[in-house]
Amino acid sequence: MKLVVEIVDAHDLMPRDGEGSASPFVEVDFGNQRSRTTTIPKNLNPVWNQKLLFNFDQAKNHHHQTIEVCVYHERRLIPSRTFLGRARIPCSAIVKKGEEVYQTFQLEKKRFFSSIKGEVGLKIYLSSETEPSSLAPSSSPPPPSNPPPSSKNITEPSSPAPSSSPSPPSSPPPSSKNKTKPSSPAPSSSLLPSRPPPSSKNRTLIHNPSISLPISEKPLSRISNISEVPVSNILYSSPSISQFAPIERSNSPVPEAESPAPEADSSVSEAESPRSSAEEPKEEIKEPVEAQVEANQHIYRPQVFHQPAISFNKGPQGIPSTMHQVNPNSHPSPQDDYTLKEMDPQLGERWPGGGVYGGRGWMSGERFATTYDLVEQMYYLYVRVVKAKDLPPGVLTGSCDPYVEVKLGNYKGRTKHFDKKMNPEWNQVFAFAKDQIQSSNLEVFVKDKEMVGRDDYLGRVVFDMNEVPTRVPPDSPLAPQWYKLEDRRGGGKVRGDIMLAVWLGTQADEAFPEAWHSEAASVHGEGISSIRSKVYVSPKLWYLRVNVIEAQDIQPNDRSRVPEVFAKAQVGNQVLRTKICPTPTTNPLWNEDMIFVAAEPFEEQLVLTVEDRVHPSKDDVLGRISMPLTVFEKRLDHRPVHSTWFNLERFGFGVLEADRRRELKFSSRIHVRVCLEGGYHVLDESTMYISDQRPTARQLWKQPIGILEVGILGAQGLLPMKMKDSRGCTDAYCVARFGQKWVRTRTILDTFSPKWNEQYTWEVYDPCTVITLGIFDNCHLGGAENKHGGAGATAARDSRIGKVRIRLSSLESHRTYVHSYPLLVIQPTGLKKMGELQLAVRFTSLSLANMIYTYGHPLLPKMHYLHPLTVNQVDSLRYQAMNIVATRLGRAEPPLRKEVVEYMLDVDSHMWSMRRSKANFFRIMSLLSGVITMGRWFGNVCHWRNPITSVLVHILFLILIWYPELILPTVFLYMFLIGIWNYRFRPRHPPHMDPKLSWAEAVQPDELDEEFDTFPTSRSQDRVYMRYDRLRSVAGRIQTVVGDLATQGERFQSLLSWRDPRATSLFIMFSLCAALVLYMTPFRAVALVAGLYMLRHPRFRSKLPSIPNNFFKRLPPRTDSLL
């Protein structure tokens, strides 16, 4: 008789590897018999589906024995293991085969101070047959509680696990050739062959991806029965074992995993003898695939397909509820995991009739609203605590320090307390999520805060949830009412009244953004404001143009020399200077423009100084003036602005002398022209992802052409970003930016699948714009960072998770796009998927005529074309604008921090990256591929590779020569037909981050290290030398290509430059003859002859180059003059 312990899966294990994850395996101990499963790397919700077999003597009494199931984390670097928890199952609970059910057991501690959590799923039963043991983990989740399906519907990679005990009578005895004897009375002898069992030191097998698994000479894909594979080849194969990548379906995020070495399964024993198919039915494996992985390659679990298995969906309490057959070809590949996924959520506001509280709490029927029609509705119980009056004073103090505590089930929220106030006013709102409501009564307590001991109860008010009314915007807010306080023990009314309003609503309620949420009950103090949803507005940015014309009566400090003068202007942290006047004089002339970025309200001043270059390392300040920006004129177009003379204040030692202060006050003056430019759009983001193109001055704004609505539904499969209580966690929030409006959702605490369901709206002034959405991990939850960060907690930064961009011009009007966008980021280790962002996007066009007009209008305001800025000015001003926006938004409450703003504005997009250079090069090649393809097609036509095509081209050519007026209509008709044909293949969803286009899948580690290097570099000298040499080699190739292009251009130029007198003479004589012939010959005849000559048959062609080609190649370039 065999005891079968089937290890199905585990849930919510404690992370132990320091990266928010664990590599668990299970070890089972029964009556001094031990067996273990394989190790699942980097997974807190592993799935094994492995059967461990133990000898079970029915003659003995096992009712007082237990089966101990221990879960461990395996360390790879140092061969050891860490305890994750255990479960003890009494043998009295063992059932026979066919009566087993899937059960979950809570993991217990081994010691009192251990930190353990999670549960393990098992199936335990007795079997009189030889049960197969799994070679590799299966991909199926735990089976349901109903009786198992027949074996023909379940196929698992298994092999017979013989033992030294007598075989059942139904199976024939194995041959003596393969019989083994137990080497010791240890129970493992029944599960392992006669070969000595490997020690724990040697149990971990080394994985060498370059060597295949020596299972059998027969290819693994052709093995129809696992019994044909000797298990000894698997257990003791040398020198290495290839990796099987199992397919898993887990709700936990799976970080990119390195190639893990497979763990030897001590429950799998060597087959004693091969058995024919006539003696025993065999279980088949359908097309298992062996994954040969190169070194340093990242393994993703959906990478390898396995046999069909049964998949189960769990019910609310972990009990399997449904079962379906899994298609082995339905598992996505890693490339499919990077694609956009279409969703079908329940959008729109719906109030189910009847409700959950007896029918009175919810509205009957269904009511639809359009304000929040792009998100799933989330229902909340709102409690507004307005004020209280006539509260009783304390017995000892004679005063009252009241506060209110709102309790609903296990959730408690409290207001701030007031010192010595009998009639306090709070006006605070509490919101309890509907799916977290665990009680039928809402209790509101009024308490008196005590300095020592427990707080005193002043009274309470109790609400029945069935009596709570429902409010749906745009209904007016529910009016609060006075309620008499009751004794907490039900002893009747007490002194005091409290004004409350209680209602059921959704996230569309006006009180939702500022309410205290039960989902964030663990956050206190200043952290409460940092988790609320907010809308921010970027500061209004202006370009400040300072035209320094000249200066007069400049007096140097050293009267014996003529000064070398230049002017310097400063606005905040921005400093610019003119060139040194070429002529040493006391009346210098510059006439140079300097442009700064300023933000309203204008807090900085313009500081102008005139300085003298005394020494290359020393400048003397000769005069200075400071002016507020509000005194300057605002210009909306290119009209000239009046210039002004300003007196400079003497700067230096003489200013401090009282007797000379009046004398030197007006020593010199400066002539400047200063204005605030309102006709430009101040760029604070990359022009490739621009979200707004309006000028600064509101008077120049056009009417909006559409409305953009975005529903931020939630995220899925986020990775742990920080450690909290020895486990990985993520407190995610989403930021969206379009134009001047920034939105930030509320922070959802401690979940890898947050649900925000918040909807926002923007006015669209140009369809050729991009909206950017990013997800971040909140590291400022009020005291949490101080607890973990210590002295450096003030430097805590919100971690970036991922970003999504959507170009509005790629969206169809009036269509709702609901998709799950992959969050792909480039890290020093390579491309990584951080999760998925679920969005619902709709662009509504207000006027088709305005839309058509916009496409013919300039992209930027007209000042960018009348007085354009240089490329260097645009880059410098963009950097300054980003700093100003980050500083101003960081002063909001709650602040939108600098690291968030910089990530959303792509502050480092201008940095050098070999990966981006390759991506841009192949983008150019993809554009030129069409031209190259057409050239090859025309070459094939000229060489008559396809005679039918060549004949048709001749006919078309003759028609166009005879009717030349048909050339342009034919070209446009052809483009129309191509566009109509491509309409069938138009994109059905918005574009997203493409790892292939970004050249992110084939990037080299050193290129990534260079991309993430600081500026200036912080790498070692040898590495910098290597990169410099590599850059030199690339630049050498570019230099060669540029030289070839210059050579061809110089040859063309030398046709008439007489550098080669003979070639120029021949060419001008040829030009004269050609002019005479073309004057006398009709153009149609010339075109006809030239076309037929180009399309001539290969029989009339020579393999040697043509005469014009030979003549052109002999023309002299200027390469002989290069050094």
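Residues numbered from 1 in each chain as written. Predicted model: local features only at pLDDT ≥ 70, side-chain atom pairs only at ≥ 80, totals over all residues. Heavy atoms only, no water.

### Thoughts on the sheet that holds strand β6 (residues 80–90)
Let me state the cut-off plainly: Pairing between strands requires that DSSP locate at least two bridges from one strand to the other. Here a helix means four or more residues in a row that DSSP labels H or I, a strand means two or more in a row labelled E, and each is numbered from the N terminus. Every angle, taken between N-to-C directions, lies between 0 and 180 degrees, and every axis is a line fitted to C-alpha atoms, over only the stretch in contact when it is a helix.
Sheet architecture is open: four strands sit in the order β3-β2-β5-β6, paired in antiparallel fashion. Unpaired on one side and paired on the other, β3 (33–36) and β6 mark the two borders of the sheet. Across this sheet, the average inter-strand angle for adjacent strands is 20 degrees, counted without regard to direction. Note that strand β5 (residues 66–75) and β6 share 10 bridges and pair antiparallel. Bridge pairing in β6 links T66 to P90.

### Topic: the confidence of the model for the protein
To keep things clear, this is the line we draw: Known as pLDDT, the predictor's confidence for each residue is given on a scale from 0 to 100. In what follows, a contact means two residues having at least one pair of non-hydrogen atoms within 4.5 Å.
Scored by pLDDT, the protein comes out at a mean of 77, with 76% of its residues at no less than 70. In this model residues 653–666 is a low-confidence stretch, pLDDT under 50, and it forms 12 contacts with partners more than four residues away in sequence or in other chains.

### Notes on the packing of helix α9 (residues 947–962) against helix α14 (residues 1083–1094)
Quick reminder of the rule: Should an angle lie under 35 degrees it is considered roughly parallel, over 145 roughly antiparallel, and from 65 to 115 roughly perpendicular; all remaining angles are considered oblique. Should the near helix be turned anticlockwise from the far one by less than a right angle, the crossing is left-handed, and should it be turned clockwise, the crossing is right-handed. Side-chain classes follow a simple rule in which Ala, Val, Leu, Ile, Met, Phe, Trp, Tyr, Cys and Pro form the nonpolar group, Asp, Glu, Lys and Arg form the charged group, and the remainder, Gly included, forms the polar group.
At a closest axis distance of 10 Å, the pairing of α9 and α14 adopts a crossing angle of 165 degrees. Judged by the angle between their axes, α9 and α14 are roughly antiparallel. Handedness of the α9/α14 crossing: right-handed. Note on element contacts: α14 touches α9 through R1084, A1087, L1088, G1091 and L1092, opposite H954, F957, L958, I961 and W962. When the residues that make up the contact of α9 with α14 are grouped by side-chain class, the tally is seven nonpolar, two polar and one charged.

### Examining the packing of aromatic side chains
Aromatic ring pairs are described here by two measures, namely the spacing of the ring centres and the angle between the planes. Quick reminder of the rule: Under the pairing criterion, centres of Phe, Tyr and Trp rings, with the six-membered ring standing for Trp, must be within 6.5 Å; the plane angle then separates stacked pairs below 30 degrees from edge-to-face pairs above 60, leaving the rest tilted. Throughout this description, buried means an accessible area under 20% of the type-specific maximum (1.4 Å probe, protein chains only), exposed means over 50%, and partly exposed covers the range between. Note on criteria: charge over ring means Lys NZ or Arg CZ within 6 Å of the ring centre, with the direction from the centre no more than 35 degrees off the ring normal.
According to the stated counting rule, one finds 20 aromatic pairs in the structure shown. Centre to centre, the rings of F463 and Y483 are 5.1 Å apart; their planes meet at 75 degrees, and the pair counts as edge-to-face. Note that F463 is positioned in strand β20 (residues 456–464) and Y483 in strand β21 (residues 481–486), a separation of 20 residues in sequence. Their ring planes at 75 degrees and their centres at 6.5 Å tell us that F738 and W762 sit as a pair that is edge-to-face. With a gap of 24 residues between them, F738 in strand β37 (residues 732–738) and W762 in strand β39 (residues 755–764) connect regions that are remote in the sequence. The same class applies to F738 as to W762, namely buried. Feature note: the residues Y380, Y382, W503 and F512 constitute an aromatic cluster, connected by ring pairs. Above the face of the F418 ring, K421 is positioned so that its terminal group lies 5.0 Å from the ring centre. Just above the ring of Y689 sits the side chain of R805; from NZ or CZ to the centre is 3.7 Å.

### Observations regarding the pairing of strand β40 (residues 770–777)
Most of β40 is tucked away, with eight of its eight residues classed as buried. Side chains V770, T772, G774 and F776 of β40 all project onto a buried face; the interleaved residues I771, L773, I775 and D777 project onto the opposite face, where all are buried too. Here β37 pairs with β40 via six bridges, running antiparallel. Looking across to β40, one finds that A736 is bridged to L773. Both β40 and strand β41 (residues 799–807) contribute to a ladder of eight bridges, which runs antiparallel. Paired with T772 across the two strands is R805, which belongs to β41.

### Observations concerning the pattern of salt bridges
Applicable threshold: A side-chain nitrogen of Lys or Arg and a carboxyl oxygen of Asp or Glu constitute a salt bridge if their distance falls within 4 Å.
Evaluated as defined, the whole model comprises 55 salt bridges. Put simply, R1019 and D1009 hold a salt bridge, and the shortest N to O gap is 3.0 Å. Here D1009 lies in helix α11 (residues 1005–1011) and R1019 lies in the loop between α11 and α12 (1021–1053), a separation of 10 residues in the sequence. Among the residues examined, R1019 registers a relative accessible area of 27% and is labelled partly exposed. Each of D1006, D1009, E1010, D1013, R1019, R1023, R1027 and R1030 takes part in one network of salt bridges that share partners.

### Some thoughts on empty space enclosed by the protein
Under the convention used in this document: Note on definitions: the grid is 1 Å and covers protein atoms alone; a cavity is a set of points where a 1.4 Å probe fits but cannot get out; a pocket is an open set with protein on both sides within 12 Å along at least five of seven lines; lining residues have an atom within 4 Å of a point. Grid points are joined across faces, edges and corners, and a volume is the space filled by probe spheres set on the points.
All chains considered together, the criterion is met by three cavities of 30 Å³ or more. Taken as a whole, the second largest cavity encloses approximately 180 Å³ of empty space. Looking at the second largest cavity, it is lined by 17 residues, and the ones nearest its centre are L541, H681, V682, D692 and Q740. Looking at the lining of the second largest cavity residue by residue, the class counts come to five nonpolar, six polar and six charged.

### Remarks on the packing of helix α8 (residues 914–942) against α9
Two elements in contact, α8 and α9, have axes separated by 8 Å at closest approach and are oriented at 95 degrees. Relative to α9, α8 is oriented roughly perpendicular. Here α8 contributes W937, N940 and V941 to the contact with α9, which in turn contributes T949, S950 and V953. Of the residues contributing to the contact of α8 with α9, the split by class is three nonpolar, three polar and no charged.

### A word on the side chain of D731
We apply this condition: N or O atoms closer than or at 3.5 Å make up a polar contact, with two conditions inside protein: a donor-capable atom paired with an acceptor-capable one, and, for residues adjacent in sequence, both atoms drawn from side chains.
For D731, the position within the fold is in the loop between β36 (727–729) and β37. Only 3.0 Å separates the side chain of D731 from the side chain of K722, close enough to count as a polar contact. In this structure the side chain of D731 is engaged in a polar contact, spanning 2.8 Å, whose partner is the backbone nitrogen of D750. Other than its neighbours up to four places away in sequence, D731 contacts K722, T747, I748, L749, D750, F776, D777, N778 and L781.

### A look at the sheet that holds β41
In space, the five strands of this open sheet follow the order β24-β38-β37-β40-β41, with antiparallel pairing throughout. Where the open sheet ends on each side, the last strands, each with one partner, are β24 (534–537) and β41. Mean inter-strand twist for the sheet, computed between neighbouring axes without regard to direction, equals 20 degrees. The pairing of β37 with strand β38 (residues 741–744) spans four bridges and is antiparallel. Counterpart to V735 in the pairing with β38 is R744.

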